[in-house]
Amino acid sequence: MMKKYFLLAFSLLFGLSQSQIIRKYSNEFLNIGAGARGLAMGGAVITNQDDVYSPMWNPAGLMSVERDWQGAAMHAEYFESIAKYDYLAYAKVLEEGVFGVSVVRLGVDNILNTTQMIDSEGNIDYDKITKFSQSDYAAILSYAFRPGGNPKLDVGVNAKIVYRNVGKFANGYGFGFDVGAIYKADNGWKFGGMVRDITTTVNFWTINQKELSTVVNGEEFNPAPKDKLELTMPKLNVGASKLFEINSSVYVLPEAGINVDFAKTASLISTDFASISPYAGAELGYQKMIFVRLGINRFQSITDIEDLKRKVSFQPSAGLGIRYRGLTLDYAITNSGIGGSNFYSNFFSLKLDMGAFRND
């Protein structure tokens, strides 16, 4: 029985037995985003994430880092601390642009491997229970610049190296690119877009056939060549925002836009060519020191398991932030986006802006 539970968990985490070359949710951990500010606003920061966290939303936003360097860190835990998500980043102003480096990890640790607990004669030996981790890593190198020195247009590029590991059963390496841009109009509006995996991100898997065979009905597992190659198709995020000053101390910054997957998904608008889901969010700031944020994202059409009726689900989010000189602490809370879900995740992020400290 425990072996069956292990097999179920393993299948959910990896899904090797049902592999396909193109997977809708390949490298999905890179679409979570980073920084509690952006997460609290439902990802509505494609045009206004103006700091070291921008590579995860739109690398063009790095051009708003105007002095010295910034560093950032974020930690979050999903599903009652079963999965842990961490992010570290650094951005440095160069002569004609801004360079950034980011490291991401999403992992489930201490998964029990019970495949060797029962021997061929049915004897149970708990000492043969081992543990392993399923982890996804990414290193992202970013560069933002202004083509031709145009102050209205910022452009950014991400180069991604991905490493994914499923204990001693399998591991994979991948690489890909993102491209983003932000246009600042004279009337105060900002328009931006980011194409994730613009060249199609490729993951190459190495599978330990001997180890994996122990959880596939005890039979030898021989994956086809196509099962060792995984492609992540491009995704498009576009948005528009404008800052409204209520008075000298208070402002409101809303953004709205759409996320486009070039595949058929559960989004509200879904075709064989593309699926479209809207998003929106806003930030209320007081003296650029205290912030309140709200957002909504991931609209989907799902079937209720109780009455089998179609319904719309979405992911709400909210958060707070406080800034003192060059130090900013942000908090966000979201649920899983599944209707009626009680799974809430908390995000904490910290940012150090050395340019603001030295300017003071």
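What counts, and at which threshold
- Residues numbered from 1 in each chain as written.
- Predicted model: local features only at pLDDT ≥ 70, side-chain atom pairs only at ≥ 80, totals over all residues.
- Heavy atoms only, no water.
- Helix = DSSP H or I, 4+ residues; strand = E, 2+ residues; numbered from the N terminus.
- Buried < 20%, exposed > 50% of the residue type's maximum accessible area, 1.4 Å probe, protein only.
- Areas by Shrake-Rupley, 256 points an atom, 1.4 Å probe, with all protein chains shown as cover.
- Patch = residues over 30% accessible without salt bridge, like charges linked within 9 Å, V, L, I, M, F, W, Y side chains within 5 Å.
- Salt bridge = Lys/Arg side-chain N within 4 Å of Asp/Glu carboxyl O.
- pLDDT = per-residue confidence, 0-100.
- Contact = heavy atoms within 4.5 Å.
- Polar contact = N/O pair within 3.5 Å; in protein donor to acceptor, adjacent residues only side chain to side chain.
- Phe/Tyr/Trp six-rings, centres within 6.5 Å; stacked < 30°, edge-to-face > 60°.
- Pairing = 2+ DSSP bridges.
- Core = buried A, V, L, I, M, F, W, Y, C linked by side-chain atoms within 4.5 Å.

For the chain, an unreviewed UniProt entry supplies the name PorV/PorQ family protein and the organism Chryseobacterium cucumeris.

S.K.: Mind showing me how you'd approach the overall build of the chain here?
M.R.: Check the secondary structure of the chain and you find 4 helices and 18 strands. Here the chain, with 360 residues, has 45% of them falling under the buried criterion. Here the chain displays about 18300 Å² of accessible surface, and carbon together with sulfur accounts for 61% of that area.

S.K.: What am I meant to see in a nonpolar patch on the surface here?
M.R.: A contiguous nonpolar patch, built from Tyr-286, Met-289, Ile-290, Ile-322, Leu-327, Leu-329 and Leu-350 and spanning about 620 Å² of accessible area, is present on the exposed surface. As for its placement among the helices and strands, Leu-350 is situated in strand β18 (residues 344-353). Leu-350 gets classed as partly exposed once you look at its relative accessible area, which sits at 40%.

S.K.: Explain the confidence of the model for the chain to me, please; I cannot follow it from the model alone.
M.R.: One rule of thumb: low pLDDT means the predicted coordinates there are not for detailed reading. Model confidence for the chain is summarised by a mean pLDDT of 83, while 81% of its residues fall at 70 or above. Across residues 1-20, where pLDDT falls below 50, the model places 33 contacts with residues more than four positions away in sequence or in other chains.

S.K.: Mind showing me how you'd approach the side chain of Asn-48 here?
M.R.: Here Asn-48 lies in the loop between α2 (36-40) and β1 (69-78). According to the relative accessible area criterion, Asn-48 is buried, its value standing at 6%. Here Arg-37 takes part through its side chain, which lies 2.9 Å from a polar atom of the side chain of Asn-48. One polar contact links the side chain of Asn-48 to the main-chain carbonyl oxygen of Ala-44, over a distance of 3.2 Å. Leaving out residues up to four positions away in the same chain, Asn-48 has contacts with Arg-37, Met-41, Ser-241, Leu-253 and Glu-255.

S.K.: Help me understand the packing of aromatic side chains, please; the structure alone is not making it clear to me.
M.R.: To describe a pair of aromatic rings, you give the distance between the ring centres and the angle between the ring planes. Considering all chains together, one arrives at 10 aromatic pairs under this definition. On the numbers, 5.8 Å between centres and 70° between planes, the contact of Phe-262 with Phe-273 is edge-to-face. A residue pair is termed long-range when its members are at least 10 positions apart, and Phe-262 in the loop between β12 (250-261) and β13 (269-270) and Phe-273 in the loop between β13 and β14 (275-286) qualify at 11 residues. Ring pairs connect the aromatic residues Tyr-137, Tyr-163 and Tyr-173, which therefore count as one cluster.

S.K.: How do you make sense of the pattern of salt bridges when you look at a structure like this?
M.R.: Under the defined criterion, the tally for this structure stands at 13 salt bridges. Residue Asp-178 pairs with Lys-160 through a salt bridge whose shortest N-O separation is 3.0 Å. Of this pair, Asp-178 sits in strand β6 (residues 170-184) while Lys-160 sits in strand β5 (residues 153-166), and the two are 18 residues apart along the sequence. The class of Asp-178 is buried, set by a relative accessible area of 3%. Notably, a salt bridge pairs Arg-293 with Glu-283, separated by 2.7 Å at the nearest N-O pair. Taken together, the residues span a long stretch of sequence, with Arg-293 in strand β15 (residues 290-303) and Glu-283 in strand β14 at a distance of 10 residues. Residues Arg-293 and Glu-283 agree in their burial class; the two are buried. Residues joined by salt bridges that share partners form a network here, namely Arg-37, Glu-283, Arg-293 and Asp-330.

S.K.: Is there a simple way to explain the pairing of β6 in this structure?
M.R.: A regular strand places its side chains so that they alternate between the two faces of the sheet. Pairing of β5 with β6, which is carried by 14 bridges, proceeds in the antiparallel orientation. Across the sheet, residue Asp-154 finds its bridge partner in β6, namely Ile-182. Linking β5 to β6, which pair antiparallel, is a turn of 3 residues; within it Gly-167 sits at a positive phi near 50°. Sheet analysis places β6 next to strand β8 (residues 201-207), joined by 6 bridges and oriented antiparallel. Of the residues in β8, the one forming a bridge with Ala-170 is Ile-207. For β6 and strand β7 (residues 189-196), the ladder comprises 6 bridges, and the chain directions are antiparallel. Paired with Tyr-183 across the strands is Phe-191, a residue of β7. Between β6 and β7, which pair antiparallel in sequence order, lie 4 residues; one of them, Gly-188, sits at a positive phi of approximately 95°.

S.K.: For this particular structure, what's the right way to read the nonpolar core?
M.R.: Within soluble globular proteins, side chains that are nonpolar tend to cluster in buried spots. In this structure, Phe-29, Met-56, Tyr-85, Tyr-87, Val-104 and Phe-347 are the most contacted members of the largest nonpolar core, which totals 42 residues. Once you skip the residues sitting within four places of it in the chain, Tyr-85 turns out to touch Phe-29, Ile-32, Gly-33, Ala-34, Met-56, Met-74, His-75, Ala-76, Tyr-78, Val-104, Arg-105 and Leu-106.

S.K.: When you look at the side chain of Lys-235 in this model, what are you seeing that I'm missing?
M.R.: Structurally, Lys-235 can be placed in strand β10 (residues 235-242). Owing to a relative accessible area of 12%, Lys-235 belongs among the buried residues under this scheme. Within the structure, the side chain of Lys-235 is placed 3.0 Å from the side chain of Glu-28, a separation counted as a polar contact. In this structure the side chain of Lys-235 is engaged in a polar contact, spanning 3.4 Å, whose partner is the side chain of Asp-261.

S.K.: What is the right way to look at unusual backbone geometry in this model?
M.R.: Note: most residues except glycine have negative phi, and most peptide bonds are trans. Even without being glycine, Asp-68 reaches a positive phi, approximately 60°. Following the sequence through the fold, Asp-68 ends up in the loop between α2 and β1. The phi torsion at Lys-288 lies on the positive side, around 50°, for a residue other than glycine. Tracing the chain through its elements places Lys-288 in the loop between β14 and β15. The exposure class assigned to Lys-288 is exposed, which follows from its relative accessible area of 57%.

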